[in-house]
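Letter by letter, the chains look like this.
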Amino acid sequence: MENEQRVKKKSWLKVPHTYTIIFAIIFLAGIASYIIPAGEFDRVEDPEGRMLVVDGSYHHIDSNPVSIFEMFTAVPMGLEKGAQIIFYIFLVSGVFGIIRSTGAIEAGVYKGVKALEGREKLLIPLSMILFSVGGFTMGMAEETIIFVPIGVAIARAMGFDAVTGTAMITLGAASGFFGGMLNPFTVGVAQSLADVPLFSGIGFRAVVYIFVLSFAIFYVSRYAFKVKKNPQASVIYEIEQQAKSNVSAIDIPSLTGKHKLVFIVMACGIGFNIYGVFNWDWFLTQLTASFLIMGLLAGLIGGLKPGTIFDSFIDGAKAVTFGALIVGFARAITVVLEQGKIIDTIVYAASETIGHLPHAISAIGMLFIQALLNLFISSGSGQAAATMPIMIPITDLLGLERQVAVLAFQYGDSLTNSIIPTSSALMAYLAVAGIPYEKWIKFIWKMILGWALIACVALIAAVALGIS
């Protein structure tokens, strides 16, 4: 009976499905339209074509409560409003699906990591730098899972443990994701919603990325060599005692000439996109087209048949269905708030609450709000769609640059991805590595605090420097 009660208690503590949370928020927003007074700001267009709220112009208007049926119609309307971003996510992910099917990514990474075997001092830094590139260019997260077994095997062969092998791969990618300089799924989506130039502020993000990655390398290396010196220092010492190194059983794919050509196509494609963004004012439509060209060329050069290319494209797009569609569902929240004429009332109340605080403190407040929301909306693009429509007017009223709101979202989202139990990527690679969640927490919590400090300092600097 006691065990039964314990099971029931655990089921009550289970975090609801992300879409359940989104639907609950949609209905709460609809109910709020009957309670919160309707109001709106006057808006003007700035020289760059952005609509800005006029400070001091908030005024009450007639209420417009949203019916239950309208709450449901808000979902297809949200999908329609987010269509450009949703299809961008689908198409770009499809392209990376093609590239993965060529085997170039696996072969290149395995080759690089394997070449470092026996060079313990170089293994961790170079592995983390390598995976961080995937993090800040294509938002590498779940993709790291397939590399975890080889990382664990090599780490154990060198006298480290499974935590080290997992960390040097996943935290490398997480560091790049944190930097986000060219990440189309977080920074790209948030900046498009904030109506700021795509991938603007890349220099500032690059500097922060260096600090984030350097701290992660220091943290993981320090732990790894402590374990090498004293195996009992491992947070999973008992598990390591039972495990045996199995590097020889892992099939390492060879890096072929075709794979190298695929990497050249990728480098040229990403470079071409960067040039287009900064010199030709490219946006999502042009970037998507360029990615498609890059993917098709990579597939053909990588030896894939046309049918296989498009099968791989579809598989890649399928993999992000959860995250892509959640953008539209999250936009439905904004649709309900706008229809109920209460979104400006919420913005006004929030700006009045934090308006008297120093700008840097307000920015840090946004950071921790985003970090908390990431527990419930673990999709970065979905979180951007849900929060940016509210955060942007607040930054306008406070006299902050919109880029600060994007940074607060980006860092808040990235900060907790490596520790929250609702992160599907985290739970998947811990399962693959055989690391209990509570042991991972014991290993990583100090690093998350370090990252949080770096993020806070970065936001203070962004406010002081007026990063736009």
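Cut-offs applied
- Residues numbered from 1 in each chain as written.
- Predicted model: local features only at pLDDT ≥ 70, side-chain atom pairs only at ≥ 80, totals over all residues.
- Heavy atoms only, no water.
- Helix = DSSP H or I, 4+ residues; strand = E, 2+ residues; numbered from the N terminus.
- Buried < 20%, exposed > 50% of the residue type's maximum accessible area, 1.4 Å probe, protein only.
- Contact = heavy atoms within 4.5 Å.
- Phe/Tyr/Trp six-rings, centres within 6.5 Å; stacked < 30°, edge-to-face > 60°.
- Lys NZ or Arg CZ within 6 Å of the ring centre and 35° of its normal.
- Salt bridge = Lys/Arg side-chain N within 4 Å of Asp/Glu carboxyl O.
- pLDDT = per-residue confidence, 0-100.

## Notes on the overall build of the chain
Now for step 1: Of regular secondary structure, the chain possesses 21 helices and four strands.
Now for step 2: Buried residues in the chain amount to 52% of all 468 residues.
Now for step 3: In the chain, the share of contacts with a sequence separation of at least 24, taken over all contacts with a separation of at least 6, comes to 79%.

## Looking at the packing of aromatic side chains
One pair of aromatic rings is described through two measures. These are the centre distance and the angle between the planes.
Now for step 1: The full count for this structure, using the stated rule, is 18 aromatic pairs.
Now for step 2: Measuring from centroid to centroid gives 5.4 Å for Phe 27 and Phe 72, while their planes differ by 75°, and the two rings are edge-to-face. With Phe 27 in helix H2 (residues 18-35) and Phe 72 in helix H3 (residues 68-81), this pair connects stretches of sequence that are 45 residues apart.
Now for step 3: Here Phe 72 falls in the partly exposed class, since its relative accessible area comes to 43%.
Now for step 4: Considering the side-chain rings of Phe 215 and Phe 218, the 6.5 Å spacing of their centres and the 40° angle between planes classify their relative orientation as tilted. Note that Phe 215 and Phe 218 are positioned in helix H10 (residues 202-229) at a spacing of three residues, about one turn of the helix.
Now for step 5: Three or more aromatic residues joined by ring pairs form one cluster here, namely Phe 215, Phe 218, Tyr 219, Tyr 223, Trp 440 and Phe 443.
Now for step 6: Here the guanidinium or amino end of Lys 228 rests over the ring plane of Phe 160, the centre of that ring lying 5.7 Å away.

## As for the pattern of salt bridges
Now for step 1: Under the counting rule described, the total for this entry stands at two salt bridges.
Now for step 2: Where Arg 156 meets Glu 240, a salt bridge forms, and the shortest distance between an N and an O atom there is 2.9 Å. Here Arg 156 is found in helix H7 (residues 148-157), whereas its partner Glu 240 is found in helix H11 (residues 237-242), with 84 residues between them in sequence.
Now for step 3: With a shortest N-O distance of 2.9 Å, Asp 396 and Arg 402 are connected by a salt bridge. As far as the burial class goes, Asp 396 and Arg 402 line up, both buried.

## Re the confidence of the model for the chain
Now for step 1: For the chain, the average pLDDT comes to 83, and 89% of its residues sit at 70 or higher.
Now for step 2: Mean pLDDT across the elements of the chain bottoms out in helix H1 (residues 2-13) (44) and peaks in H10 (95).
Now for step 3: Across residues 1-13 the pLDDT falls below 50, and counting only partners more than four positions away or on other chains, this stretch makes zero contacts in the model.
Now for step 4: Note on residues 245-249: pLDDT is under 50 here. Beyond four places in sequence and across chains, it has six contacts.

## Digging into unusual backbone geometry
Now for step 1: Notably, Phe 199 is not glycine yet its phi reads approximately 60°, a positive angle.
Now for step 2: With respect to the helices and strands, the residue Phe 199 is situated in the loop between helix H9 (187-194) and H10.
Now for step 3: A positive phi angle, close to 60°, is found at Lys 341, a residue other than glycine.
Now for step 4: Looking at where Lys 341 falls in the secondary structure, it is placed in the loop between helix H15 (321-339) and helix H16 (343-354).

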